[in-house]
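Fold and contact review
Now for the letters of each chain:
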Amino acid sequence: MKNLLILGSTGSIGVSTLEVVDLHPDRFAVFALTAATHVERMLAQCAKYQPQFAVMDSLEHSRELAARVKSLGLRTQVLGGAAAIRDMACDSRVDIVMAAIVGAAGLEPCMAAALAGKRLLLANKEALVVGGQLFMDAVAQGGATLLPIDSEHSAIFQSLPQDRQRWPNLVDKLILTASGGPFRRRDPSTLGTVTPQEACAHPNWTMGRKISVDSATMMNKALEVIEAHYLFGMPPEKIDVVIHPQSVVHSMVQYVDHSVVAQLGTPDMKGPIAYGLAWPERVRSGAAAIDFSALSALTFESYQTADHRARYPGLALAWQSLTAAPGTPAVLNASNEVGVAAFLDGRIRFDQIHHVNLETVERAVFAGPSSVVDLVALDQEARALAGAVVKRIAP
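Criteria and thresholds
- Residues numbered from 1 in each chain as written.
- Predicted model: local features only at pLDDT ≥ 70, side-chain atom pairs only at ≥ 80, totals over all residues.
- Heavy atoms only, no water.
- Helix = DSSP H or I, 4+ residues; strand = E, 2+ residues; numbered from the N terminus.
- Rg over C-alpha atoms; globule rule 2.2 N^0.38 Å.
- Buried < 20%, exposed > 50% of the residue type's maximum accessible area, 1.4 Å probe, protein only.
- Contact = heavy atoms within 4.5 Å.
- Areas by Shrake-Rupley, 256 points an atom, 1.4 Å probe, with all protein chains shown as cover.
- Lys, Arg positive; Asp, Glu negative; His and termini not counted.
- Charge placed at Lys NZ, Arg CZ, Asp CG, Glu CD.
- Pairing = 2+ DSSP bridges.
- Axes fitted to C-alpha atoms, helices over the stretch in contact; angles between N-to-C directions.
- Salt bridge = Lys/Arg side-chain N within 4 Å of Asp/Glu carboxyl O.

Let's shift gears to the overall build of the protein. Within the protein, the regular secondary structure consists of 17 helices and eleven strands. Since a compact globule built from 395 residues should have a radius of gyration of about 21 Å, the 20 Å found for the protein is in line with a globular shape. In terms of principal-axis extent, the alpha carbons of the protein reach across some 60 × 50 × 45 Å. Considering the protein as a whole, with its 395 residues, one finds that 54% of them fall into the buried category. Partitioning the contacts of the protein with sequence separation of at least 6, the portion at a separation of at least 24 is 70%. Carbon and sulfur atoms make up 52% of the accessible area of the protein, which totals about 16,600 Å². Here the protein carries 34 positive and 38 negative side-chain charges, and the mean point of each set is 3 Å from the other.

Laid out in C-alpha cells, this is it:
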C-alpha cells in the first residue's frame, strides 16, 4: 500500500487521479490532498477518502474547510498556506506525489518532493519549465523517481528504452503531437474576436480553463517542448512538433535508423496517470480502449505552414527561450500566465496573449537563476513586467 499526496486534488488531473485510485483500493491510500480555493470540492473529497491531511493554499479557505470538516465529524486535519503544502510534499509518510497544481505555484512543493526522494508524478509542466536544470539537479540530489504525466511526455517515456544512458546514441528526435486546439481551421485574421468560452472549448480533451487557452494558442506545446528538453536531456534541435487533430497518437520517438515508436490511446488522462502510479507495472486505468474498427483516419500536419504560423506564433518561443539566457523559460511561463489570465478576465484580446509573451521576454533583464529563491524572484519580476504590458495594450 502506497501513501499518495495529490497536489491540486480538485482540478481535472487531481479528480482523474482519484478515479484511478478508486479502481485500486488495495494499492494506493489517499494520505493527503491540497487545493487552492475550492472548499466544496475538497470537503467532498475529504468525506469520501478521509485523508489524514487536507491543505488549502489560502489561510482563509483553510479555516472555512476546517469548520466544515469538523461539522461533519471527519478526522482529517486541515492545514493552510504554501509552506504547509511544501512541507506535506516532503513528509516522510508520503510515498507518491501527484503534482497537479497549475502554473508556477507548483514549483516549490515539486522541488521539495524531489529533494525528499519521492516518486514524483509530474503533471505540472510549469514547475519544470520554470525550474529547468535546477529542478533536474534536485531530482538527482534527492534520488527521486520523476515520471511525466502529461500525455505527450508519458508517451515519449513509454516509447524510450528504460536505460537512459542509451538515449543519446539511439534517438534521432522526439516528436510531440498537438491537436491544434479549437481554432486549427479558423481564419487567423479573426482570432482577435475569440471569446474565452470559445477558447476553452477543446475538441478532444477535458481540461481546466488556463490549459485550454494554452492549447488554443499552442503555448502548451511550447511549454512541452521546454519540458521535454529537460526531462529527456535532448537538445532543442532534436525536439519536433506535429499537429495530429485526432489526439490518438500521443507522441513518438524517431530512432537513428528512422524507425518510429509511438504510444496510442484514447484522449483520457487516466491512462498516463495509471502508468505513473504503478510504474514499472501496468494496471487498469478506467480509460476507454481504442476501437480500431471505428477509428477515423489519423492525419498529421506541419505547424510551419503560413496559416499555422499565424495561428500559433507563440510556439517558436520554445526553441528561442531554450537557446537564450538561462531563466528565459521561466520568464516566458510567467508572462503567459499573466496574459492568459488577462484574456480570461476580458482585459486583452486572445491574439494579444502572444504580444504579452513576446514583449516580456524581449524586455526582461535578469541574471541566470542559481536557486529556488532566484527563480521565485524572477517569476515575480516577469509577472510585474507582463502586467505592465497588459495594462498598456488593454483596449
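Back to the write-up after that little detour.
We now examine the environment of Ala297. For Ala297, the position within the fold is in the loop between α12 (270–278) and α13 (306–311). Overall, Ala297 belongs to the exposed group, its relative accessible area being 55%. Once the C-alpha coordinates of Ala297 and Arg41 are considered, the two residues, 256 residues apart in sequence, prove to be 39 Å apart.

Bringing the sheet that holds strand β2 (residues 28–35) into the picture now. The seven strands are arranged β4-β3-β2-β1-β5-β6-β7 in an open sheet whose pairing can be described as parallel. Looking at the sheet topology across the chains shown, the edges are occupied by β4 (77–80) and β7 (145–148). Ignoring which end each strand starts from, the neighbouring axes of this sheet average 20 degrees apart. Those strands touched by helix α6 (residues 125–142) are β6 (119–122) and β7, and its axis lies near 160 degrees from that of β6.

Opposite charge on two side chains permits them to pair, given that their charged atoms come into close proximity. Enumeration over the complete set of coordinates arrives at 23 salt bridges. Of the charged contacts in the structure, one is a salt bridge between Lys125 and Asp150, with a shortest N-O distance of 3.4 Å. Pair noted here: Lys125 is in helix α6 and Asp150 is in the loop between β7 and α7 (151–159), with a separation of 25 residues, a long-range link. Residue Glu359 pairs with Arg392 through a salt bridge whose shortest N-O separation is 2.5 Å. Residue Glu359 is located in helix α16 (residues 352–363), and its partner Arg392 is located in helix α17 (residues 372–393); the two are separated by 33 residues in the primary sequence. A network of salt bridges, in which partner residues are shared, links Lys125, Asp150, Glu152, Lys221 and Glu224.

Our next topic: the sheet that holds strand β9 (residues 239–243). Hydrogen bonds along the backbone pair up the strands of a sheet, which may run parallel or antiparallel. The strand order across the open sheet built from four strands is β9-β8-β10-β11, with neighbouring strands paired in mixed fashion. Pairing within the sheet leaves two strands with one partner each, and these edge strands are β9 and β11 (260–264). In this sheet, adjacent strand axes meet at a mean angle of 20 degrees when their direction is disregarded. Alignment of strand β8 (residues 171–178) against strand β10 (residues 249–255), held across five bridges, turns out to be antiparallel. In the sheet register, Leu174 faces β10, and the bridge partner there is Val253. The strands touched by α7 are β8, β10 and β11; relative to β10, the strand with the most contacts, the crossing angle is about 40 degrees.

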